[in-house]
Amino acid sequence: MKLLPYLALFPCLVACGSKTETTAEKPAAPPPRAPNEVFLSKAQLQAAGIELGTFTRRDLGTEVQATGQIDVPPNHKVSITAIMGGYVQQLPVLPGQHVSRGSVLATLRNPDYLKLQQDYLQSKARIVFLQQETARQQVLNDEDVGARRKLQQATSELRTEQAAAGSLAAQLRLIGLVPERISASSIKPSVPLIAPIGGYVKAVLVNPGQFVNPQDVLIELVDRSDLHLELKVFERDIAKVKVGQDILFRAPAQGASARPLPATVFLVGKAFDDDGRTVSVHAHLHDSGPDAAATAALLPGQYVSARILTGRTPQRTLPEDALVPGGDISYAYYQVKSDAKGSTFRRFSLRPGATDQGQVAVRPLDKLSDTTHLVVKGAYFLDAERSKGQGGDE
């Protein structure tokens, strides 16, 4: 009977022992790791081909990033207007058409043109009369027959009329007529608009039958013979840009795989633009050599992205395989610790710069020594493993 209390405790001991044994068999949870760290076993390291190295120092070209557009000098762009208003009679040009200097771009008609030519012919006729009258008064004055006052009056009227005729002749030339060719039988109700430069018709802004005023732009011309780059450089970079530096630029229309085209800085602005803290930088295109055809295909107004090569300086570099691109900020990995089980790596941020023969200039945002053990090959694999460990979150 004394065994009954011990027998009663037996099920409890069995149950407690089973619970303890079950708890011991449950695997321990892995210790938490930092969000930017990743652990790889020896087998994973070998399978991924992870290679370690350090920063290297190389003389790489420093550069300034800029955007802008293809442009032409101001004297290579012309807006055609009518000096005197009129109705558009003829319009023989189309946008994109090439015209030579002196070509007729349009013809305008207006009764005022007739009146201007009439006034000019009448002024010329009066000059002839006043010249004859002045000559008669000069003879009479020489013979002491006429009054000297009449000679002076005739001379004054002649000079006044000559001035009026000169003014009318200048007005005729402004509207496209040649005064020397005007006669009573050749008065014209219409005048031509002449191309002052050779180039391409950028825009035609009127149509036949439309009345245009002197301030209205009828046609725009662009001469592509002197294409150049106009870039916008930010305030922080403008001190690095000098005349004579080389530029490599690309227009979006070329495609991402197209080879960058060369240019050379010939003018650096001396004032900030009103629309932002940028300075204009102008560069000549290279219109000869292997890139001549691609350069000739560029159009004024095309947007471009450019790299201004500002010099060569010793810089920290890493192989391209060591970087995981992320926009303005890229990422790389360095080894935190290593043991018989594997290695732990930590991700760090950096700003990439110029690239030369597979080496990228980098500026780490964390303080790292030149002897830090960096992952120089296999960074993409590490980043994928890190993302999986974080559920895909960055």
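Predicted model only: the values in this text are computed from it and were never measured.

Trainee: Which residues make up empty space enclosed by the protein, and what values go with them?
Mentor: Scanning all chains against the criterion turns up one cavity of 30 Å³ or more. What lines the largest cavity is Ala82, Ile83, Met84, Leu108, Tyr113, Ile175, Val191 and Leu193.

Trainee: Outline the environment of proline 95, listing residues and values.
Mentor: Its place among the elements puts proline 95 in the loop between β5 (86–90) and β6 (98–99). It is 9.7 Å that separates the C-alpha atoms of proline 95 and leucine 205, two residues lying 110 residues apart in sequence. Setting aside residues no more than four positions away along its own chain, proline 95 makes contact with Val201, Lys202 and Val204.

Trainee: An account of the side chain of threonine 295 is needed here, citing residue identities and associated values.
Mentor: Inspection of the secondary structure assignment puts threonine 295 in helix α5 (residues 292–296). We classify threonine 295 as buried; its relative accessible area is 5%. When residues no more than four places from it in sequence are discounted, the contact partners of threonine 295 are Leu227, Leu261, Leu285 and His286.

Trainee: Describe the pattern of salt bridges, listing the residues and the values that go with them.
Mentor: Tallied over the entire structure, the rule returns 17 salt bridges. Measuring nitrogen to oxygen at the nearest pair gives 2.3 Å for the salt bridge that ties arginine 346 to glutamate 37. With arginine 346 in strand β18 (residues 342–356) and glutamate 37 in strand β1 (residues 37–41), the pair connects residues that are 309 residues apart, well separated along the chain. Taking relative accessible area as the criterion, glutamate 37 reaches 12% and is therefore assigned buried. A salt bridge links glutamate 161 to arginine 126; the nearest nitrogen and oxygen atoms lie 3.4 Å apart. Placement of glutamate 161 in helix α4 (residues 148–174) and of arginine 126 in helix α3 (residues 111–142) is noted, with a sequence separation of 35 residues between them. One network of salt bridges, with partners in common, ties together Arg57, Arg316 and Asp370.

Trainee: I'd like to hear about the sheet that holds strand β7 (residues 104–109), residue by residue, with values.
Mentor: Strand order across the open sheet formed by four strands is β8-β7-β5-β10, with antiparallel pairing between neighbours. Sheet topology places β8 (190–194) and β10 (211–212) at the edges, where each strand pairs with a single neighbour.

Trainee: Requested: an account of the pairing of strand β4 (residues 77–81), with residues and values cited.
Mentor: In summary, the side chains of a regular strand alternate between the two faces of the sheet. Burial along β4 is one-sided: the residues Val78 and Ile80 are buried and none of Lys77, Ser79 and Thr81 is. Where β4 lies against strand β11 (residues 217–222), five bridges are found, and the strand directions are antiparallel. In the sheet register, serine 79 faces β11, and the bridge partner there is glutamate 220.

Trainee: Let's hear about the packing of aromatic side chains: which residues, and what values?
Mentor: Counting across every chain of the model gives two aromatic pairs. Between the aromatic rings of tyrosine 87 and phenylalanine 211, the centroid separation amounts to 4.9 Å while the plane-to-plane angle is 65°, which identifies the pairing as edge-to-face. Placement of the pair is tyrosine 87 in strand β5 and phenylalanine 211 in strand β10, with a sequence separation of 124 residues. Seen in terms of ring centroids, tyrosine 334 and phenylalanine 348 are 5.7 Å apart; in terms of plane orientation they differ by 50°. Their pairing is tilted. Taken together, the positions of tyrosine 334 in strand β17 (residues 330–338) and phenylalanine 348 in strand β18 put the pair 14 residues apart, joining distant regions of the chain. A residue is classified by how much of its surface remains accessible, and phenylalanine 348, at 1% relative accessible area, is buried. Over the aromatic face of phenylalanine 55 sits the side chain of arginine 316, whose NZ or CZ is 4.3 Å from the ring centroid. A cation over an aromatic ring shows up here: arginine 347 above the ring of tyrosine 331, its NZ or CZ 4.0 Å from the ring centre.

Trainee: Can you break down the packing of α3 against α4 residue by residue, with the values?
Mentor: Where α3 contacts α4, the two axes come as close as 8 Å, and the packing angle between them is 155°. Comparing their axes, α4 and α3 come out roughly antiparallel. At the point where α3 passes α4, the crossing takes the left-handed sense. Partitioning the contact of α3 with α4 into residue classes produces 12 nonpolar, 10 polar and seven charged.

Trainee: If you had to explain the sheet that holds β11 to someone new, which residues and values would you point to?
Mentor: If you trace the four strands from one edge of the open sheet to the other, you get β4-β11-β9-β6, paired in antiparallel fashion. Bordering the open sheet on either side are β4 and β6, each of which pairs with just one other strand.

Trainee: Lay out the nonpolar core with the relevant residues and their values.
Mentor: Counting residues in each nonpolar core, the largest one holds 28 residues, and the members touching the most others are Leu105, Leu108, Ile219 and Leu221. Sequence-distant contacts of leucine 105, that is, excluding residues within four places in its chain, are made with Ile80, Leu91, Pro92, Val93, Val99, Leu193, Ile194, Ala195, Ile219 and Leu221. Formed by 26 residues, the second largest nonpolar core is a distinct cluster that contains Val64, Leu227, Ile247 and Val279.

Trainee: Help me get a handle on the confidence of the model for the chain, residues and values and all.
Mentor: Detailed conclusions should not be drawn from predicted coordinates in areas where pLDDT is low. For the chain, per-residue confidence averages 85 on the pLDDT scale, and residues scoring 70 or more make up 88% of the total. pLDDT under 50 marks residues 1–30. Its contacts with residues more than four places away, or in other chains, come to zero contacts.

Trainee: Requested: an account of the layout of surface pockets, with residues and values cited.
Mentor: The computed volume of the largest pocket comes to approximately 1100 Å³. Along the wall of the largest pocket there are 28 residues; nearest its centre are Glu63, Gln65, Arg351, Pro352 and Gly353. Going through the elements one at a time, β3 (56–71), β16 (303–319), β18 and β19 (359–364) are the ones with two or more residues in the lining of the largest pocket. Broken down by class, the residue content of the lining of the largest pocket amounts to nine nonpolar, 10 polar and nine charged.

Trainee: Please provide a residue-by-residue account of α3, values included.
Mentor: In this model α3 runs 47 Å from its N-terminal to its C-terminal C-alpha over 32 residues, within 8% of the 46 Å that 1.5 Å per residue would give. Turning to α3, its buried residues number three or more, namely Tyr113, Leu116, Gln117, Tyr120, Ser123, Ile127, Leu130, Thr134, Gln137 and Asn141. On its buried face, α3 is in contact with β5, β7, α4 and β8. The opening residue of α3, the one whose side-chain oxygen lies 3.0 Å from the backbone nitrogen of aspartate 112, is asparagine 110.

How each quantity is defined
Each residue is numbered by its place in its chain's sequence as written, counting from 1. Where local features are concerned, this predicted model is filtered to residues with pLDDT of at least 70; where side-chain atom pairs are given and counted, the filter is 80 or more; whole-chain, interface and lining totals use all residues. Hydrogen atoms and water are omitted, and side-chain values are computed over all heavy atoms in the structure. Cavities and pockets were defined on a 1 Å grid built from protein atoms only: a cavity is a group of points that admits a 1.4 Å probe but offers it no way out, a pocket is an open group of points flanked by protein on both sides within 12 Å along at least five of seven lines, and a lining residue is one with an atom within 4 Å of any such point. Grid points are joined across faces, edges and corners, and a volume is the space filled by probe spheres set on the points. Runs of E in the DSSP output that reach at least two residues are strands. Runs of H or I that reach at least four are helices, and both are numbered from the N terminus. When checking whether two residues touch, look at their non-hydrogen atoms; a contact exists if any pair is within 4.5 Å. The classification of residues rests on relative accessible area computed with a 1.4 Å probe and restricted to protein chains. Under 20% of the type maximum is buried, over 50% is exposed, and intermediate values are partly exposed. Put simply, a salt bridge is a Lys or Arg side-chain nitrogen that is within 4 Å of an Asp or Glu carboxyl oxygen. Strand pairing is assigned whenever DSSP identifies at least 2 bridges connecting the two strands. By convention, a stacked pair of Phe, Tyr or Trp rings (six-membered ring in the case of Trp) has centres within 6.5 Å and planes under 30 degrees apart, an edge-to-face pair has planes over 60 apart, and any other such pair is tilted. Only lysine NZ and arginine CZ atoms are considered, and such an atom sits over a ring when it is within 6 Å of the ring centre and within 35 degrees of the ring normal. All axes here are fitted lines through C-alpha atoms, helices being fitted over the stretch that makes contact, and every angle between N-to-C directions spans 0 to 180 degrees. Roughly parallel means an angle under 35 degrees; roughly antiparallel means over 145; roughly perpendicular covers 65 to 115; every other angle is labelled oblique. It is the rotation of the near helix from the far one that decides the hand of a crossing: anticlockwise by less than a right angle makes it left-handed, clockwise makes it right-handed. By the convention adopted, Pro, Cys, Tyr, Trp, Phe, Met, Ile, Leu, Val and Ala count as nonpolar, Lys, Arg, Asp and Glu as charged, and the other residues, Gly among them, as polar. Note on terminology: a nonpolar core comprises buried Ala, Val, Leu, Ile, Met, Phe, Trp, Tyr and Cys residues joined through side-chain atoms within 4.5 Å. pLDDT expresses, on a scale from 0 to 100, how confident the predictor is about each individual residue. Helix span is expected to be 1.5 Å times the residue number reduced by one. Here a polar contact means two N or O atoms within 3.5 Å. Within protein one must be a hydrogen donor candidate and the other an acceptor candidate, and residues neighboring in sequence count only if both atoms are side-chain atoms.

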